[in-house]
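Here are the chains, one letter per residue:
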Amino acid sequence: MHDLKKRKEIEEKRLQGTSAVELAKLYAVPRGTVYYWVRNIILSDDAKRKLMNNTIEGRRLGRLTLKKRRDKENELIKVKANLSLKSLSVDISSIKIFCALLYWAQGAKKSSSMRFINSDPLMIHTFLTLLRKGFEINDSKFKVNVHIHHYHDDEKVKEYWSKITGIPLSQFNRSYRKLNAGLSKKEGYMGCITIYYYDVKIAKELTWLYTTLHTMI
């Protein structure tokens, strides 16, 4: 009798446009059982509209809940990261090591000269900042190659990277245009640059740092 009463109430609410998922939660009945009980119920147009509107609203609330959870997780990550940064001791040695690690990831693996390649302005700016602070650098020895696509304005791209790097346009070589079918265009993409610095000693020190570091960990 208890199940029959519950089933009758579920069927009535289903006719009003309540979803099977909501009914399962409301009456603490397995979802599969609810689907079985309401499988032959024909909904009115009003009930269908209500069900559709509730579905749309449920998805919206679900996305909002997910966003709030992600925002909370991101805040916790930021707190942990900031604690790590606060405990970090930054001196010339650590600056050189940071620079060497970036060079290990994106630099050319030749000890005769230093070559760093990337399209991320933050990566480029960070590497050059570390390089200039960690080593005695003569800025006039920098050379830059820019790799662009056919849709790029060569002059604007060079001016952009000149501001990012602090390297004057006079030290930029002729740009290299990559082959592109023209089917896709990445918005905000300002090409890829290669930074050259011809100093054997610095190149060797960077290489020695990153190839030796793993033995100390």
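The preceding data block contains the structure.
Owing to the predicted nature of the structure, the values given are computational and were not obtained by experimental measurement.

1. Some details on the state of the cysteines
With the rule as written, the count across this model stands at zero disulfides. Here Cys99 stays free of any disulfide, with the sulfur of Cys192 as its closest cysteine sulfur at 17 Å. For Cys99, a relative accessible area of 0% translates into the label buried.

2. Considering the pairing of strand E2 (residues 142-148)
Taken across its seven residues, E2 has five buried, putting it largely inside the fold. Pairing of E2 with strand E4 (residues 192-197), which is carried by six bridges, proceeds in the antiparallel orientation. The residue bridging Asn145 from the neighbouring strand is Thr194, located in E4. The pairing of E2 with strand E3 (residues 176-177) spans two bridges and is classified as parallel. Bridged to His147 within E3 is Tyr176.

3. Points about the pairing of strand E1 (residues 114-118)
Taking every second residue as pointing to the same face, the buried face of E1 carries Met114, Phe116 and Asn118, while none of Arg115 and Ile117 on the other face is buried. Pairing of E1 with E4, which is carried by five bridges, proceeds in the antiparallel orientation. Each bridged residue has a counterpart across the sheet, and for Asn118 the counterpart in E4 is Ile193.

4. Some thoughts on the packing of aromatic side chains
Under the definition given, this model contains seven aromatic pairs. When the ring of Phe116 is compared with that of Phe127, the centres are 3.9 Å apart and the planes differ by 0°; the resulting orientation is stacked. Here the residue Phe116 occupies a position in strand E1, and Phe127 occupies one in helix H6 (residues 121-134), the gap between them amounting to 11 residues. With relative accessibility at 0%, the residue Phe127 sits in the buried group. Ring geometry for Tyr160 and Trp161: centres 5.1 Å apart, planes at 80°, overall edge-to-face. An aromatic cluster is defined as three or more aromatic residues linked by ring pairs; in this entry it consists of Tyr103, Trp104, Phe116, Phe127 and Tyr210. The lysine or arginine in question, Arg39, covers the ring of Tyr36, its NZ or CZ lying 3.9 Å from the ring centre.

5. Side note on the sheet that holds E4
Here four strands make up an open sheet; going across it, the order is E1-E4-E2-E3 and the pairing mixed. Pairing within the sheet leaves two strands with one partner each, and these edge strands are E1 and E3.

6. Observations regarding the pattern of salt bridges
Summed over all chains, the structure comprises 10 salt bridges. Residues Glu57 and Arg60 are paired through a salt bridge, measuring 2.8 Å at the closest nitrogen-oxygen approach. Of this pair, Glu57 and Arg60 both sit in helix H4 (residues 45-86), three residues apart, which is roughly one turn of that helix. On the basis of relative accessible area, Arg60 is assigned to the partly exposed category, the value being 41%. Among the ionic pairs, Lys158 bridges to Asp154, the shortest N-O distance being 3.8 Å. Note that Lys158 and Asp154 are positioned in helix H7 (residues 154-165) at a spacing of four residues, about one turn of the helix. Here Asp154 falls in the partly exposed class, since its relative accessible area comes to 25%.

Quick notes on the rules
Residues numbered from 1 in each chain as written. Predicted model: local features only at pLDDT ≥ 70, side-chain atom pairs only at ≥ 80, totals over all residues. Heavy atoms only, no water. Disulfide = S-S within 2.5 Å. Buried < 20%, exposed > 50% of the residue type's maximum accessible area, 1.4 Å probe, protein only. Helix = DSSP H or I, 4+ residues; strand = E, 2+ residues; numbered from the N terminus. Pairing = 2+ DSSP bridges. Phe/Tyr/Trp six-rings, centres within 6.5 Å; stacked < 30°, edge-to-face > 60°. Lys NZ or Arg CZ within 6 Å of the ring centre and 35° of its normal. Salt bridge = Lys/Arg side-chain N within 4 Å of Asp/Glu carboxyl O.

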